[in-house]
Amino acid sequence: MKTIKVYGPGCKRCAATEAMVKDAAAKLGIEVDVEKVTDAKSIAMAGVMSTPGLSVDGKLVHAGGLPDEAKLEGWLKS
């Protein structure tokens, strides 16, 4: 199971990123545990300077804007 964190204040892009993660995981048949992190201090401490941010198994892989679908699938596979 992959642990995914979506960093952001709860905006539409953050919700869209969460949905993209769940859709990609379902498509690939990968179990994921998705956690939304909305606390500004926690977001900054994770190194996210632009939201939404995304970490996979504790590694920050994306920040700012919606992630590319192909890259997202790659992050989930690794």
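Just so it is clear, the model here is predicted, and its values are computed rather than measured. (Residues numbered from 1 in each chain as written. Predicted model: local features only at pLDDT ≥ 70, side-chain atom pairs only at ≥ 80, totals over all residues. Heavy atoms only, no water.)

> So, the packing of helix α1 (residues 12–28) against helix α3 (residues 69–77): which residues are in play, and what are the values?
Close contact between α1 and α3 brings their axes to 10 Å; oriented N to C, the two are set at 60 degrees. Here α1 and α3 pass one another in a crossing that is right-handed. Between α1, through Met20, Val21, Ala24, Ala25, Lys27 and Leu28, and α3, the contact on the second element is made entirely by Glu69, Leu72, Glu73, Leu76 and Lys77. (Axes fitted to C-alpha atoms, helices over the stretch in contact; angles between N-to-C directions. Helix = DSSP H or I, 4+ residues; strand = E, 2+ residues; numbered from the N terminus. Left-handed = near helix turned anticlockwise from the far one by under 90°. Contact = heavy atoms within 4.5 Å.)

> Describe the nonpolar core, with residues and values.
Formed by Ile4, Val6, Val21, Ala24, Ala25, Leu54, Val56, Leu72, Trp75 and Leu76, the largest nonpolar core amounts to 10 residues. For this core, the elements supplying multiple residues, two or more each, are β1 (2–7), α1, β3 (53–56) and α3. (Core = buried A, V, L, I, M, F, W, Y, C linked by side-chain atoms within 4.5 Å. Buried < 20%, exposed > 50% of the residue type's maximum accessible area, 1.4 Å probe, protein only.)

> So, the environment of Val32: which residues are in play, and what are the values?
Within the secondary structure layout, Val32 lies in strand β2 (residues 32–37). Considering only alpha carbons, one finds Val32 and Lys2, 30 residues apart in sequence, at a separation of 4.7 Å. Those residues in contact with Val32 that lie beyond four places of it in its chain are Met1, Lys2, Ile4, Ala25 and Leu76.

> How would you explain the pairing of β3 if you had to name every residue and give the values?
Neither face of β3 is open: one carries Gly53 and Ser55, the other Leu54 and Val56, and all of them are buried. As paired elements, β1 and β3 share 4 bridges and run antiparallel to each other. Counted as the bridge partner of Lys5 is Ser55 from β3. Here 4 bridges tie β3 to strand β4 (residues 59–63), and the two strands are oriented antiparallel to one another. Its bridge partner being in β4, Ser55 is matched across the sheet by Leu60. (Pairing = 2+ DSSP bridges.)

> Lay out the sheet that holds β4 with the relevant residues and their values.
Spatially, the 4 strands line up as an open sheet ordered β2-β1-β3-β4, and their pairing is mixed. Each of the sheet's edge strands pairs with one partner strand only, and the pair in question is β2 and β4. Strand after strand, the sheet turns through a mean of 20 degrees between neighbouring axes, direction not considered.

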